[in-house]
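Reading the structure
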Amino acid sequence: MRTLLNRWRRRLARALLHRMVFGEAGQPHTRIAPSTCIEGEAGLRLADHVFIGQFNFIDATHGLVVEEGVQITNFCSIVTHSTHDALRVNGHRTATLGGELPGYRKGAIHLGAYSFVGPHSLIEPGSRLGKGAILCAYGQLRGAAPDFAIMAGQPARQVGDTRERDASLIAKHPELAEAYAAWAGAQP
């Protein structure tokens, strides 16, 4: 009996609490999980065909562009500002200082079309993930990642090129070549 109750409880929670929401921000094919926290929504520019999974923290306070087809998996943090240096170096003065603190970091973030942000990743203020790029699981993006780069590590470094992976898939499925070229600009 207990097994049956737990099974029904999980189904009910999935149906009501962790269901994907379609049509966010007027984009009919965009899905954002309800457990994702978005701060500073006024600074968010969200294209269509975007997927944002469960349990993410997304800060758009200083500007965040998410282009078409971007996938942000689960447990990711995307932050356009950071006070970790400012609070540490200013100490107790932080409470009495006015204006922007020395050491405060801020900057807009840009996620290029059809890029992928792997689980447990961090994207720091002022970063750019190029179109068609992959930030691997547990990656920490600081700065710019070129178009089609595969980025891994903390901080992330380029370890490959998605066009090489895409070429083998398109060779197996040539009917995909036209759709790929439409957003990527050329075949891999």
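First things first, this report covers the structure right here in the doc. (Residues numbered from 1 in each chain as written. Predicted model: local features only at pLDDT ≥ 70, side-chain atom pairs only at ≥ 80, totals over all residues. Heavy atoms only, no water.)

**A short note on the overall build of the protein**
When its secondary structure is counted, the protein shows four helices and 20 strands. Burial statistics for the protein: of 188 residues in total, 35% are counted as buried. Counting only contacts in the protein whose residues sit at least 6 apart along the sequence, the fraction spanning at least 24 positions is 23%. For the protein, the exposed area adds up to about 10,700 Å²; of that, 56% sits on carbon and sulfur atoms. (Helix = DSSP H or I, 4+ residues; strand = E, 2+ residues; numbered from the N terminus. Buried < 20%, exposed > 50% of the residue type's maximum accessible area, 1.4 Å probe, protein only. Contact = heavy atoms within 4.5 Å. Areas by Shrake-Rupley, 256 points an atom, 1.4 Å probe, with all protein chains shown as cover.)

**Some remarks on the sheet that holds strand β6 (residues 57-59)**
One open sheet holds the five strands; their spatial order is β3-β6-β9-β14-β17, and the pairing between them is parallel. This sheet does not close on itself; its edge strands, each paired only once, are β3 (37-39) and β17 (140-141). As paired elements, strand β9 (residues 77-78) and strand β14 (residues 122-123) share two bridges and run parallel to each other. Looking at the pairing, Ile78 lines up with Ile123 of β14. (Pairing = 2+ DSSP bridges.)

**Brief notes about unusual backbone geometry**
Cis rather than trans, the peptide bond between Gln154 and Pro155 has omega equal to -5°. For Pro155, the location among the structural elements is in the loop between β19 (149-152) and β20 (157-161). In the Ramachandran plot, His49 falls in the positive-phi region, its phi being about 65° despite a non-glycine side chain. By the secondary structure assignment, His49 is in the loop between β4 (44-46) and β5 (51-52). Non-glycine residue Phe75 carries a positive phi angle of around 60°. Here Phe75 lies in the loop between β8 (71-72) and β9. By relative accessible area, Phe75 is classed as partly exposed at 43%.

**So, the environment of Gly69**
Mapped onto the elements, Gly69 comes out in the loop between β7 (64-66) and β8. With 22 residues separating them along the chain, Gly69 and Ala47 place their C-alpha atoms 7.7 Å apart. Beyond its immediate sequence surroundings of up to four residues, Gly69 is in contact with Asp48, His49, Val50, Tyr114 and Ser115.

**Section: the packing of aromatic side chains**
Enumeration according to the criterion identifies four aromatic pairs in this entry. Taken together, a centroid distance of 6.0 Å and an interplanar angle of 35° make the contact between Phe148 and Trp183 tilted. On the criterion of sequence distance, the pair formed by Phe148 in the loop between β18 (144-145) and β19 and Trp183 in helix α4 (residues 177-184) is long-range, its members being 35 residues apart. By relative accessible area, Phe148 is classed as buried at 6%. Taking relative accessible area as the criterion, Trp183 reaches 23% and is therefore assigned partly exposed. Seen from their ring centres, Tyr180 and Trp183 are 5.3 Å apart, and the 70° between their planes marks the pair as edge-to-face. With Tyr180 and Trp183 both in helix α4 and three residues apart, this pair spans about one turn of that helix. Three or more aromatic residues joined by ring pairs form one cluster here, namely Tyr114, Phe148, Tyr180 and Trp183. (Phe/Tyr/Trp six-rings, centres within 6.5 Å; stacked < 30°, edge-to-face > 60°.)

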